[in-house]
Amino acid sequence: MSASATTTTAVAAGRGSNFARALRRSGRNFAQFWRQLSRNKLAVISLVIVVGFAGVAIFADLLYEYDFVTSNSLENALLKPGESGTVYYHDKDIEHTFILGSDNYGRDILGRLVHGARVSMIIGFAAVAISLCAGGILGSIAGYKGGLFDTLIMRATDILLSIPTILLAIAIVAALGNSFFNLLIAIASSMIPGYIRIVRASIIQVKDQEFVEAAHCIGAGDFRIVLRHILPNITSPIIVQSTLNVGSAINWAASLSFLGLGILPPKPEWGNMLSEAREFIQYAPHLLFAPGLTILITVLAYNLIGDGLRDALDPKLKR
Amino acid sequence: MENILEISDLRVHYFSNRKTVRAVNGLSMGMEAGKVLGLVGETGAGKTTLALSILNMVRAPQGKIVEGSIRFAGADVLAMGKRELRDMRGKDVAMIFQDPMTALNPVLTVGEQIAETVRKHEELSIEDAWKKAQAMLETVGIPADRAKEYPHQFSGGMKQRVVIALALACNPKLLLADEPTTALDVTIQAQVLDLMRKLIRENGTSVLFITHSLGLVAENCDEVATMYSGEIVEYGTVDQVFGKALHPYTQGLFGSLPDLSAATDRLKPIPGLMPDPTALPKGCFFCPRCPHAMDICAKEHPADVDLGGHRVKCHLYAAAGAAKGAASAAGRRAE
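Residues numbered from 1 in each chain as written. Chains lettered and ligands numbered in written order. Predicted model: local features only at pLDDT ≥ 70, side-chain atom pairs only at ≥ 80, totals over all residues. Heavy atoms only, no water.

Enquirer: For this particular structure, what's the right way to read the interface of chain A and chain B?
Expert: How large an interface is tends to be reported as the accessible area lost when its parts come together. Taken together, the contact between chain A and chain B spans 26 residues of the former and 30 residues of the latter. In total, chain A and chain B occlude about 2,600 Å² of area from one another, counting both sides; carbon and sulfur atoms represent 53% of this. Inspection of the region where chain A meets chain B yields 3 salt bridges. Among the elements of the structure, helix H1 (2-38), helix H9 (210-217) and helix H10 (222-230) of chain A are those that each provide at least two residues to the side of chain A that touches chain B. In terms of residues, the side of chain A that touches chain B owes the most to one element, H1(A), which gives 8 residues. Looking at the side of chain A that touches chain B residue by residue, the classes come out as 7 nonpolar, 9 polar and 10 charged. (Contact = heavy atoms within 4.5 Å. Buried area = accessible area lost by both parts, 1.4 Å probe. Salt bridge = Lys/Arg side-chain N within 4 Å of Asp/Glu carboxyl O. Helix = DSSP H or I, 4+ residues; strand = E, 2+ residues; numbered from the N terminus. Nonpolar A, V, L, I, M, F, W, Y, C, P; charged D, E, K, R; others polar.)

Enquirer: Whenever I open this one, helix H6 (residues 156-168) of chain B confuses me. Can you help?
Expert: For an α-helix the count is 3.6 residues per turn, leaving residues at separations of three or four pointing the same way. Its 13 residues give H6(B) an end-to-end C-alpha distance of 18 Å, which sits within 8% of 18 Å, the value for a rise of 1.5 Å per residue. With 13 of 13 residues buried, H6(B) lies mostly within the body of the structure. (Expected span 1.5 Å × (residues − 1). Buried < 20%, exposed > 50% of the residue type's maximum accessible area, 1.4 Å probe, protein only.)

Enquirer: So what exactly am I meant to see when it comes to the sheet that holds strand S9 (residues 223-228) of chain B here?
Expert: Each strand in a sheet pairs with its neighbour through backbone hydrogen bonds, running either in the same direction (parallel) or in the opposite one (antiparallel). All names here are of chain B. Strands sit in the order S6-S7-S8-S3-S9-S10-S12-S11 across an open sheet of 8 strands; the sheet is mixed. The open sheet is flanked by strand S6 (93-96) and strand S11 (304-307), the only strands paired with a single partner. Put simply, the sheet's adjacent strands are angled 20 degrees from each other on average, direction ignored. The pairing of strand S7 (residues 174-178) with strand S8 (residues 206-211) spans 5 bridges and is parallel. Each residue of the ladder has a partner; that of leucine 176, found in S8, is leucine 208. Where H6 meets the sheet, it contacts S6 and S7, and its direction lies at approximately 175 degrees from that of S6. Of the strands in this sheet, strand S3 (36-40), S9 and strand S10 (231-237) touch helix H10 (residues 248-255), which is tilted by about 105 degrees from S9. (Pairing = 2+ DSSP bridges. Axes fitted to C-alpha atoms, helices over the stretch in contact; angles between N-to-C directions.)

Enquirer: Explain the packing of helix H11 (residues 235-258) of chain A against helix H12 (residues 270-277) of chain A here, please?
Expert: Axes are the key here: two packed helices are described by the angle between their axes and the distance separating the axes. All names here are of chain A. As a packed pair, H11 and H12 sit with axes 7 Å apart at the nearest point and diverge in direction by 40 degrees. Classified by the angle between their axes, H11 and H12 sit oblique to one another. As for the relative orientation of H11 and H12, their crossing is right-handed in sense. Packed against H11, whose contacting residues are Ile250, Ala254, Ser257 and Phe258, the element H12 presents Trp270, Gly271, Asn272, Leu274 and Ser275 at the interface. Of the residues in the contact of H11 with H12, the class split is 5 nonpolar, 4 polar and no charged. (Parallel < 35°, antiparallel > 145°, perpendicular 65-115°, else oblique. Left-handed = near helix turned anticlockwise from the far one by under 90°.)

Enquirer: How do you make sense of unusual backbone geometry when you look at a structure like this?
Expert: Of note, the amide linkage connecting Pro265(A) to Pro266(A) takes the cis form, showing an omega dihedral of 10 degrees. Mapped onto the secondary structure, Pro266(A) falls in the loop between H11 and H12. Located in the positive-phi region is Asn56(B), a residue other than glycine, with phi close to 50 degrees. With respect to the helices and strands, Asn56(B) occurs in the loop between helix H1 (47-54) and strand S4 (63-72). Overall, the relative accessible area of 23% leaves Asn56(B) in the partly exposed class. Notably, Glu179(B) is not glycine yet its phi reads approximately 45 degrees, a positive angle.

Enquirer: Which parts of the structure should I look at to understand the pairing of strand S1 (residues 84-89) of chain A?
Expert: Regular strands show a simple pattern: their side chains alternate between the two faces of the sheet. Residues and elements named next belong to chain A. Where burial is concerned, the two faces of S1 differ: the one with Gly85, Val87 and Tyr89 is buried and the one with Ser84, Thr86 and Tyr88 is not. Direction of pairing for S1 relative to strand S2 (residues 92-97): antiparallel, over a ladder of 6 bridges. When the bridges of S2 are listed, valine 87 appears paired with isoleucine 94. Following S1, the chain reverses through 2 residues before pairing antiparallel with S2; histidine 90 in that reversal takes a positive phi of roughly 55 degrees.

Enquirer: Is there a simple way to think about the pairing of S10(B) in this case?
Expert: All names here are of chain B. With respect to burial, S10 is a largely interior element, 6 of its 7 residues being buried. Alignment of S9 against S10, held across 6 bridges, turns out to be antiparallel. The residue bridging alanine 225 from the neighbouring strand is tyrosine 235, located in S10. Here S9 folds back onto S10 in antiparallel fashion, the turn holding 2 residues, of which serine 229 has a positive phi close to 45 degrees. Bridge analysis of S10 against strand S12 (residues 310-313) gives 2 bridges, and the strand direction is antiparallel.

Right, dumping it as structure tokens:
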């Protein structure tokens, strides 16, 4: 009993110090990586924007109540940016300033953008996480195992890639029904083929190197070799691709919602705001500009970060 | 003494679309425990393929062991399951690779890589494995606190010493050293070899020492095997082979070395090239380049001739071998 207790403590202590060591090391690596990235001003600005948007998404409820941005107050419809009005909300009249104006139902545009950011961020990251896991596993199998696995997985990928992404997403949403989760699935599955290709290509590049042979030689199993020896060597292209994909996932979410296949009004989402605003483009162009510019800035920021990461992580481009 | 490694009639082929490369052709050999066997031969003779075969690591699907058996410490390597193989690799049989620059994983610290091997084969906590890794680095002359550094922070010689530490971490019974010093410059070579010699002596490890250099064999090995076109053409103790090389190919290898005691203007290279392994000649593989070639050489593949432990695959010695065999048989009868 006491012996086993001692072993457990020893193992725990070993884990602890190992973890501390890993932390210190990654700290050092991060400092070097940050020096590289911070030379790229655009990437830094984009990072600030993205972090700001993420903060807004997380604290959306503190800025605007969800009920407030989804309930109509028709007497305040189509206000210009900066105008105020009296809103009857929760059995009370409140004086409210519409910083970015109001839409045709008298809802606060900025408030809807803030809550729409939440949807966009969640879809952006969740879709990337899902497609990264699925594509990573399939790509690893295809690249590492080769042979029949490779052929089957890659031909399936080719078939998926031959279908236009938007059609695929429409088909999935149409088949599964209109919901947040199905939108997520549709976007994630359209990004899986890209991941499969990247992971497979990178693995093939690494797997024939001598250190992998050496790992076989010390008696390491396939699982260990892929997870511990190959995957850490191919993180850079995956990180870059994922960052770019967050941007395009947000773009896709907005596009599908715009087409009425994603998040439906009155739930606030950038794409459906844009869609609703189309009718009023002549009287209230700000209704269109607000979500449009938000989407533009967000997607652009993710793409610029992706480019910055590519430069910072690729040793060949280091100056 | 019992043989730790016993290879008989091993044939390894590599298959490409049209051609079959016959890398190892009916190779038989035995290795005594605790001995250092030098394996010499030119590029493409099948030395590395032989080493990989011993670990059953010939790369599929192109490479395939088509025939023969390999027994390590009595166990049939070719019949082992995946798990048994994994347990054997690294623990019982370890390999030192030719190029230390590429044999280490660039994204893991050297300490982690050694600790991983140790933990794979021994029941140790992470902390103990790390300590053992540090101890191993100390034995090869690298300060323990450099265990947390990455391969690119080491020089070539130090990397090779890390690779040696990695190979010896689990006290293997057999070490396959595949040209361990080829990628290093001469002074570092000497250091690395001294170190290897010391560790091998201390642990009683058997070593298959693959090299191009006859000088290294003379210094480091107990026995020598000369390999040509996937077979061992001459085998003997260092004294036997270096005293009197029998096979024309081994003689040629010695002839192409500069001799300090004799004034020579030009070295004598062996004329010609190794035969194309996709189309090996019918008779002796060395026949087209052999200065002593006879009629029989082109027609018939020579068998091993045993001259008192000094074995040679050459028709020149067939008669002498028969006489010697008869004599020893007679000797045995007399006893």
